[in-house]
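Below, each chain spelled out in residue letters.
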Amino acid sequence: MKNVAMVVTLASIALSGTLSAASPAGGPPGAEEKTYVSRDQYRVLLGQCRYADTPAMRAECRTRVAQRYAVGRQARVSLDCRTYSSVTVCGELTLSPREQACVRRAVAQGLTARRAEVECYAFY
């Protein structure tokens, strides 16, 4: 079932446009200043928080998603989503020092940086 949801997410990413604005005050965006993403993309963004290294990082990830994103009608085509080893993530990942070291080792062994980032985030 997860794989079906991921395929649907990736398909929806390829089909639509977006709306985004920055916060003029430099703080967290307000409701009208959030980046609008599809419901599936929002689920991926929230779901990927479960892979964060510590409980504090998981909570911070969920807060960041709630502050930055809102569900809109269309998928955000420019949202950087990728799937490796059946794990889909979107946007920038906040890696712990342990995960960063894992990425460096994996890249040194020949894995692409994007794939190493996702795999170290999800499985390390």
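The preceding data block contains the structure.
The text that follows walks through the structure, step by step, so that each part is easy to find. All of these numbers come straight from a predicted model, not from anything done at the bench.

### Some remarks on the packing of helix α4 (residues 97–108) against helix α5 (residues 113–123)
- In contact at an axis separation of 9 Å, α4 and α5 are set at 140 degrees when each is read in the N-to-C sense. Taken together, the axis directions place α4 and α5 in an arrangement best described as oblique. Pair α4 / α5 crosses with right-handed handedness. When α4 is examined against α5, the residues Glu99, Cys102, Val103, Ala106 and Val107 are found in contact with a partner set consisting of Ala113, Ala116, Glu117, Cys120 and Tyr121.
- Considered class by class, the residues forming the contact of α4 with α5 number 8 nonpolar, no polar and 2 charged.

### With respect to the pattern of salt bridges
- In total, this model carries 7 salt bridges according to the counting rule given.
- Here Asp53 makes a salt bridge to Arg98, at a shortest N to O gap of 2.6 Å. Residue Asp53 is found in the loop between α2 (39–47) and α3 (55–68), and its partner Arg98 is found in helix α4; the two are separated by 45 residues along the sequence.
- The partly exposed category is assigned to Asp53, whose relative accessible area is 21%.
- Looking at Arg98, the relative accessible area reads 42%, which means it is partly exposed.
- As a salt-bridge pair, Glu117 and Arg82 come within 2.9 Å of each other at their nearest N and O atoms.

### A look at the environment of Ser85
- If you trace the backbone, Ser85 turns up in the loop between β3 (81–84) and β4 (87–90).
- Note: C-alpha distance between Ser85 and Ala122 (37 residues apart in sequence) is 9.4 Å.
- With residues up to four places along the chain from it excluded, the contact list for Ser85 reads Arg115, Glu119 and Phe123.
- Side chain to side chain, Ser85 and Arg115 meet in a polar contact 3.4 Å long.

### What to know about the state of the cysteines
- Inspection of the entire model under this criterion finds 3 disulfides.
- Paired through a disulfide, Cys49 and Cys61 show a sulfur-sulfur distance of 2.0 Å. Judged by the sign of its S-S torsion, about -70 degrees, the bond between Cys49 and Cys61 is left-handed. Highlighted residues: Cys49 in the loop between α2 and α3 and Cys61 in helix α3, separated in sequence by 12 residues. Note on accessibility: Cys49 and Cys61 belong to one class, buried.
- Residue Cys81 pairs covalently with Cys90 via a disulfide, S to S 1.9 Å. Handedness of the Cys81-Cys90 disulfide follows from its S-S torsion of about 110 degrees: it is right-handed. Each member of the pair, Cys81 together with Cys90, is buried.

About the criteria used
Residues numbered from 1 in each chain as written. Predicted model: local features only at pLDDT ≥ 70, side-chain atom pairs only at ≥ 80, totals over all residues. Heavy atoms only, no water. Axes fitted to C-alpha atoms, helices over the stretch in contact; angles between N-to-C directions. Helix = DSSP H or I, 4+ residues; strand = E, 2+ residues; numbered from the N terminus. Parallel < 35°, antiparallel > 145°, perpendicular 65-115°, else oblique. Left-handed = near helix turned anticlockwise from the far one by under 90°. Contact = heavy atoms within 4.5 Å. Nonpolar A, V, L, I, M, F, W, Y, C, P; charged D, E, K, R; others polar. Salt bridge = Lys/Arg side-chain N within 4 Å of Asp/Glu carboxyl O. Buried < 20%, exposed > 50% of the residue type's maximum accessible area, 1.4 Å probe, protein only. Polar contact = N/O pair within 3.5 Å; in protein donor to acceptor, adjacent residues only side chain to side chain. Disulfide = S-S within 2.5 Å.

Honestly, it's all geometry; don't read function into it.
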